[in-house]
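Structural characterization, general
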Amino acid sequence: MAKKQGEFFVCLVPGCDVKKKGEKEILGHIVMDHQQVAERHVSGVDGSVGWTFRPRELKDVQQGWQDAHKYGEEKWKRQLDQGIIDIWGVAQTKKGWRKGVPRVMKESQ
Ligand SMILES: [Zn+2]
């Protein structure tokens, strides 16, 4: 299990304090934001769990993207088809407002 802080899992990368509700989301975040894959390994000696990092590869991206955003395979394929993201899961829309994300309306008072 990744580091836990209260209800949240904390990113495994030193210096990053991103927290997510789910471990899979953290692992996805590491793939998408740190371009790394965290792999769990259990010590044969005392059974303790540790993590190693390796650079991400293209084959890691889809799963990482889905985990990070809690989306399914359908959504990945649809967004890729529509050109909303590229094969590395990078949003191709303009900075700021993104498709599918509701704009925050300012109170007009
Ligand atoms: Zn992080």
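Structure report, in brief. For every chain, the first residue of its written sequence is number 1, and the numbers climb from 1 along that sequence. Residues qualify for local features only when their pLDDT is at least 70, as the model is predicted, and side-chain atom pairs are given and counted only at 80 or more; totals for whole chains, interfaces and linings, by contrast, use all residues. Side-chain numbers here rest on the full set of heavy atoms in the structure, without hydrogens or water.

**Focus: the coordination of the zinc ion**
The condition that has to hold: Here the coordinating atoms are restricted to nitrogen, oxygen and sulfur within 2.8 Å of the metal centre, or 3.2 Å for Na, K and Ca, and because water is not among them the sites may look incomplete. Geometry is assigned from the angles between donors: four donors with all angles from 85 to 135 degrees make a tetrahedral site, four or six donors whose opposite pairs exceed 155 degrees while the rest stay between 65 and 115 make square planar or octahedral sites respectively, and everything else is labelled irregular. Secondary structure counts use DSSP, requiring at least four H or I residues in a row for a helix and at least two E residues in a row for a strand, with both numbered from the N terminus. A 1.4 Å probe rolled over the protein chains alone gives each residue an accessible area, and that area as a share of the maximum for its type sets the label: buried under 20%, exposed over 50%, partly exposed in between.
With distances of 2.0 to 2.2 Å, the protein atoms coordinating the zinc ion are C11 (SG), C16 (SG), H29 (NE2) and H34 (NE2). Coordination geometry of the zinc ion: the 4 donor atoms subtend angles of 106 to 114° at the metal centre, consistent with an arrangement described as tetrahedral. Written as a sequence motif, the donor arrangement for the zinc ion is C-x4-C-x12-H-x4-H. Remark: H29 occurs in helix α1 (residues 23-34) and C16 occurs in the loop between β2 (8-10) and β3 (19-20); sequence separation between them is 13 residues. In this structure, C16 and H29 share a single accessibility class: buried.

**Quick look at a nonpolar patch on the surface**
Going by this rule: Each patch is built from residues that are more than 30% exposed by relative accessible area and take part in no salt bridge. Like charges join if they lie within 9 Å; nonpolar side chains (Val, Leu, Ile, Met, Phe, Trp, Tyr) join within 5 Å. To be clear on the numbers: accessible area is Shrake-Rupley with a 1.4 Å probe, and residue cover counts the displayed protein chains and nothing else. Salt bridges are counted wherever a side-chain nitrogen of Lys or Arg sits within 4 Å of a carboxyl oxygen of Asp or Glu.
Residues L58, I87, W88 and V90 make up a contiguous nonpolar surface patch of about 350 Å² in total accessible area. Its location among the elements puts V90 in the segment after α3 (73-81).

**Side note on the pairing of strand β5 (residues 49-55)**
Which entries qualify depends on this criterion: In short, DSSP must find at least two bridges between two strands for them to pair.
As paired strands, strand β4 (residues 36-42) and β5 are joined by 7 bridges and run antiparallel to one another. Each residue of the ladder has a partner; that of E39, found in β5, is T52.

**Quick notes on the sheet that holds β3**
Taken together, the 3 strands give an open sheet; going across it, the order is β1-β2-β3, and neighbouring strands pair in antiparallel fashion. The two strands at the open ends of the sheet, each matched to only one other strand, are β1 (4-5) and β3. Where β2 meets β3, 2 bridges bridge the pair, whose relative direction is antiparallel. Each residue of the ladder has a partner; that of V10, found in β3, is K19.

**Some thoughts on helix α2 (residues 58-69)**
Because each turn of an α-helix spans 3.6 residues, side chains separated by three or four positions in sequence point in the same direction. Threshold: How far a helix is expected to stretch is found by multiplying one less than its residue total by 1.5 Å. Note on contacts: a residue pair qualifies if any of its non-hydrogen atoms lie within 4.5 Å across the two residues.
Between its first and last C-alpha, α2 extends 17 Å over 12 residues, near the 16 Å set by a 1.5 Å rise per residue. Restricting attention to buried positions, one finds in α2 the residues D60, V61, G64, W65, Q66, D67 and A68. Packing partners of the buried residues in α2 comprise β3, α1, β4, β5 and α3.

**Details of the side chain of D67**
Within the secondary structure, D67 sits in helix α2. With residues up to four places along the chain from it excluded, the contact list for D67 reads K24, E25 and G28.

**Some points on the packing of α1 against α2**
Two numbers describe a pair of packed helices, the interaxial angle and the distance between the axes. To be explicit about the condition: Axis lines are fitted to C-alpha atoms, over the contacting stretch for helices. Their N-to-C directions set the angle, which ranges from 0 to 180 degrees. The labels follow the angle: roughly parallel below 35 degrees, roughly antiparallel above 145, roughly perpendicular from 65 to 115, and oblique for the rest. By definition, any crossing whose near helix is turned counterclockwise from its far helix by less than a right angle is left-handed, and any crossing with a clockwise turn is right-handed. Each residue is assigned to one of three groups, with Ala, Val, Leu, Ile, Met, Phe, Trp, Tyr, Cys and Pro labelled nonpolar, Asp, Glu, Lys and Arg labelled charged, and all others, Gly among them, labelled polar.
Their axes nearest at 7 Å, the elements α1 and α2 cross at an angle of 130°. Considered as vectors, α1 and α2 are oriented oblique to each other. Crossing angle aside, the handedness with which α1 passes α2 is left-handed. Side by side, α1 and α2 meet where K24, E25, G28, H29, V31 and M32 of the first sit next to D60, V61, G64, W65, D67 and A68 of the second. In the contact of α1 with α2, the residues fall into 5 nonpolar, 3 polar and 4 charged.

**What about the environment of H34?**
Locating H34 in the fold gives a position in helix α1. Separated by 18 residues in the primary sequence, H34 and C16 have C-alpha atoms spaced 9.6 Å apart. Ignoring any residue separated from it by four or fewer positions in sequence, one finds H34 in contact with C11, V13, C16 and H29.

Shape is all these values report; function is a separate question.
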